[in-house]
Amino acid sequence: MGVSAEKYQESLDFLFGRLNYERMGSSKYSTKDFKLGRMRELLKLLGNPQASVDTIHIAGTKGKGSTSAMIAEMLTAAGYRTGLFTSPHVTNYRERILIDGCQIEPEQLVALVTEIAQAVEQMDHGPGKMNPTFFELTTALAWMHFRQQQIDYAVMEVGLGGRLDSTNICEPLATVITNISYDHTALLGNTIEQITGEKAGIIKSGVPVISAVTQPEAIAVLEAISDEKQAPLYLMDREFFWEPVTENGKNDPLLKDSSEQIDIPLQKIQVKTPWSLIDDMPVNLLGTHQAINAALALTLVDYIRHQEVGIENDQMRTGMRRLKWPARIEVVQKNPMVIIDTAHNGASINALVNTLQESFSQPNRMLIFAATRDKDVREMLEILLPHFSKVILTQYLSNPRRVSVDEVFELTRSIQQEAGNDSEVIVAASPADAWLRAKESATSELLICVTGSFFIAAEMRELLLGSTDDVLLTESC
């Protein structure tokens, strides 16, 4: 490594020292705090790196990270140098900025932060004192890195919403809107129409939109905005279709994860796009919702190759097969079976529960749950509690947005009384304490599921698998 641990930490401290909405409850800010003019000024001072990168822009309530990762892996497998920007990170800040699956190197990050700090100094003390935020700087760093490394494509995941997100300073080749459900309602609106309007803010004039949105009211908003922008709209179950590929009426065989020796059910799907029939595509992320994300990703990549870009079906299969995406219904341990998932709203919790029912046979199930403020914690618990005989309530430690374990306990008891639920409930002060309590009753017939927040998923994953945030340990890419 060509940079000291001290220099790298100084760079991280500079970034995390900026205003960071990921660590603030939505009651502390509003859409008035998101100003694209500030992002435009920052990028202008940096030479507009986004203008030199062919971008695929992805928004949606859930699944946008998985869909982005699938697209990036397929383009990489086809031989194209591909950048991927996602958020938040699970363990390591550098996870947010990848090229061909490899994290930005510490020395590259330090050099780019040194460069961006000069622009920040100008903005902090110039007219209006514009003060760029943590996420704006991180987005700019991604584009700077992608320009410097001369990538072919950048796959950019929206951080929040779409219309006012800092990633929305781009002219993409295509846009994707995965789905719409209720989340961040204090900022994005309390109706499906309002939320869809915010997500659809990424639609650009003449740029095609590919979406798996299903609600009639959401589709109406997408159609209206697409028509206004003269942007071709491709909807699932209208312009493109998918179905599972089965063998003798059964699911496909298990795929062995050689790194951890864990059997993972392998889905395969067939997708019919406006341009091709794409058959026998593996989806090694669990759940029907991931099959839908895969159909979106495949349709997007098929659109790109329809523009006379060389991509073969076998290359797409290679990319889909080698995809790993942590903390998305991720099996991290086999005996007992331990699942970690980032679900944090009603729609994603429902997807998680359905996947557990479909893919896992363990008769005994234990839940480890922690939650974030501004989320509908009651809705999540009402969905989860009937499916677990034992519940361990805890709180993550890394972010001040956590809901205290005492608050979650009181809410859980209230729900149990109303529903007549008799699941055993245990309180643990930290993820480490929760894991100790879980191990006390662990058997081979037990499934342990960790969910409720991105932050509990990240902390529990690090606890079970170890930290990767060591600047002396970088990926061998």
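One can find the structure itself at the top, above this paragraph.
Structure report, in brief. This is a predicted model, so every value here is computed, not measured.

**A closer look at the overall build of the protein**
- Scanning the protein from N- to C-terminus turns up 15 helices and 19 strands.
- Across the protein, contacts joining residues at least 24 apart in sequence account for 75% of those joining residues at least 6 apart.
- As displayed, the protein offers around 19600 Å² of accessible surface, 47% of which is attributable to carbon and sulfur atoms.

**A closer look at the sheet that holds strand β9 (residues 241-244)**
- Read across the open sheet, the three strands follow the order β9-β12-β13; overall the sheet is antiparallel. Each edge of the sheet is formed by a strand with only one pairing partner; in this case those strands are β9 and β13 (277-283). Averaged over all neighbouring strand pairs, the angle between strand axes comes to 25°, with direction disregarded.
- As paired strands, strand β12 (residues 267-272) and β13 are joined by five bridges and run antiparallel to one another. Bridging across to β13, Lys272 finds its partner in Leu277.
- In the packing of helix α9 (residues 288-306) onto the sheet, the strands contacted are β9, β12 and β13, and the crossing angle to β12 comes to about 45°.

**A few points about helix α11 (residues 346-359)**
- When the terminal C-alpha atoms of α11 are compared, their 20 Å separation across 14 residues agrees well with the 20 Å that a helix rising 1.5 Å per residue should span.
- Within α11, burial applies to Gly346, Ser348, Ile349, Ala351, Leu352, Val353, Thr355 and Leu356.

**A look at the packing of helix α14 (residues 431-440) against helix α15 (residues 454-465)**
- One can describe the packing of α14 onto α15 by two numbers: an axis separation of 10 Å at closest approach and a directional angle of 65°. Every pair of crossing elements has a handedness; the one defined by α14 and α15 is right-handed. Packed against α14, whose contacting residues are Pro431, Ala432, Ala434 and Trp435, the element α15 presents Ile456, Glu459, Met460, Leu463 and Leu464 at the interface.
- A per-class count over the contact of α14 with α15 returns eight nonpolar, no polar and one charged.

**Some points on unusual backbone geometry**
- In this structure, the amide linkage connecting Ser87 to the following residue, Pro88, adopts the cis form with an omega of -10°.
- Residue placement: Pro88 occurs in the loop between β2 (82-85) and β3 (97-99).
- Pro336 follows Asn335 through a cis peptide bond whose omega is 0°.
- Looking at the element boundaries, Pro336 is found in the loop between β14 (330-334) and β15 (337-340).
- One non-glycine residue, Asn48, lies in the positive phi region at around 50°.
- Considering the arrangement of structural elements, one finds Asn48 in the loop between α2 (36-45) and β1 (55-59).
- For Ala327, which is not a glycine, the phi torsion comes out positive at approximately 65°.

**Some remarks on the packing of aromatic side chains**
- Inspection of every chain in the model, using the stated rule, returns eight aromatic pairs.
- Here Phe16 and Tyr93 contribute two aromatic rings whose centre-to-centre distance is 5.7 Å and whose plane-to-plane angle is 70°, an arrangement assigned as edge-to-face. With Phe16 in helix α1 (residues 5-16) and Tyr93 in the loop between β2 and β3, this residue pair connects regions lying 77 residues apart in the sequence.
- Connected via pairs of aromatic rings, a cluster forms that spans Phe16, Tyr93 and Phe134.

**Re the nonpolar core**
- Ile71, Ile269, Leu300, Ile304 and Ile311 are the most contacted members of the largest nonpolar core, which totals 43 residues.
- Breaking this core down by element, the ones donating at least two residues are β1, α3 (64-77), β5 (153-157), β6 (174-177), β12, β13, α9 and α10 (313-322).
- If you tally residues by element for this core, the top one is α9, at ten residues.
- Sequence-distant contacts of Ile311, that is, excluding residues within four places in its chain, are made with Leu75, Ala78, Tyr80, Val301, Ile304, Arg305 and Met316.
- Judged by nonpolar contacts, the second largest core, of 37 residues, contains Leu43, Val113, Ile116 and Val120.

**Some remarks on helix α7 (residues 192-199)**
- Considered for burial, the residues of α7 that qualify are Ile192, Ile195, Thr196, Glu198 and Lys199. Summarising the axial view, the buried residues of α7 lie within an arc of 160°, below the 170-degree limit, and thus occupy one face.

**A short note on the pattern of salt bridges**
- All chains considered together, the criterion is met by 16 salt bridges.
- Across the pair Glu239 and Arg238 runs a salt bridge, and its minimum N-O distance is 2.8 Å.
- The exposure class of Glu239 is partly exposed, given its relative accessible area of 24%.
- Of the residues examined, Arg238 reaches a relative accessible area of 39% and is grouped as partly exposed.
- Where salt bridges share partners, they join Glu223, Arg238 and Glu239 into one cluster.

**A look at the sheet that holds strand β17 (residues 390-393)**
- The strand order across the open sheet built from six strands is β14-β15-β19-β16-β17-β18, with neighbouring strands paired in mixed fashion. Lying at the two open borders of the sheet, with one neighbouring strand each, are β14 and β18 (424-427). Averaged over all pairs of adjacent strands, the angle between strand axes in this sheet comes to 20°, irrespective of strand direction.
- Sheet analysis places β17 next to β18, joined by four bridges and oriented parallel. Looking across to β18, one finds that Leu393 is bridged to Val427.
- On top of the sheet, helix α12 (residues 377-384) reaches β16 (364-369) and β19 (446-451); it is set at about 170° to β16, its chief contact.
- On the sheet, α15 packs against β14, β15, β16 and β19 and is oriented at approximately 140° with respect to β15.

How each quantity is defined
Residues numbered from 1 in each chain as written. Predicted model: local features only at pLDDT ≥ 70, side-chain atom pairs only at ≥ 80, totals over all residues. Heavy atoms only, no water. Helix = DSSP H or I, 4+ residues; strand = E, 2+ residues; numbered from the N terminus. Contact = heavy atoms within 4.5 Å. Areas by Shrake-Rupley, 256 points an atom, 1.4 Å probe, with all protein chains shown as cover. Pairing = 2+ DSSP bridges. Axes fitted to C-alpha atoms, helices over the stretch in contact; angles between N-to-C directions. Expected span 1.5 Å × (residues − 1). Buried < 20%, exposed > 50% of the residue type's maximum accessible area, 1.4 Å probe, protein only. Left-handed = near helix turned anticlockwise from the far one by under 90°. Nonpolar A, V, L, I, M, F, W, Y, C, P; charged D, E, K, R; others polar. Phe/Tyr/Trp six-rings, centres within 6.5 Å; stacked < 30°, edge-to-face > 60°. Core = buried A, V, L, I, M, F, W, Y, C linked by side-chain atoms within 4.5 Å. Arc of directions from axis to C-beta. Salt bridge = Lys/Arg side-chain N within 4 Å of Asp/Glu carboxyl O.

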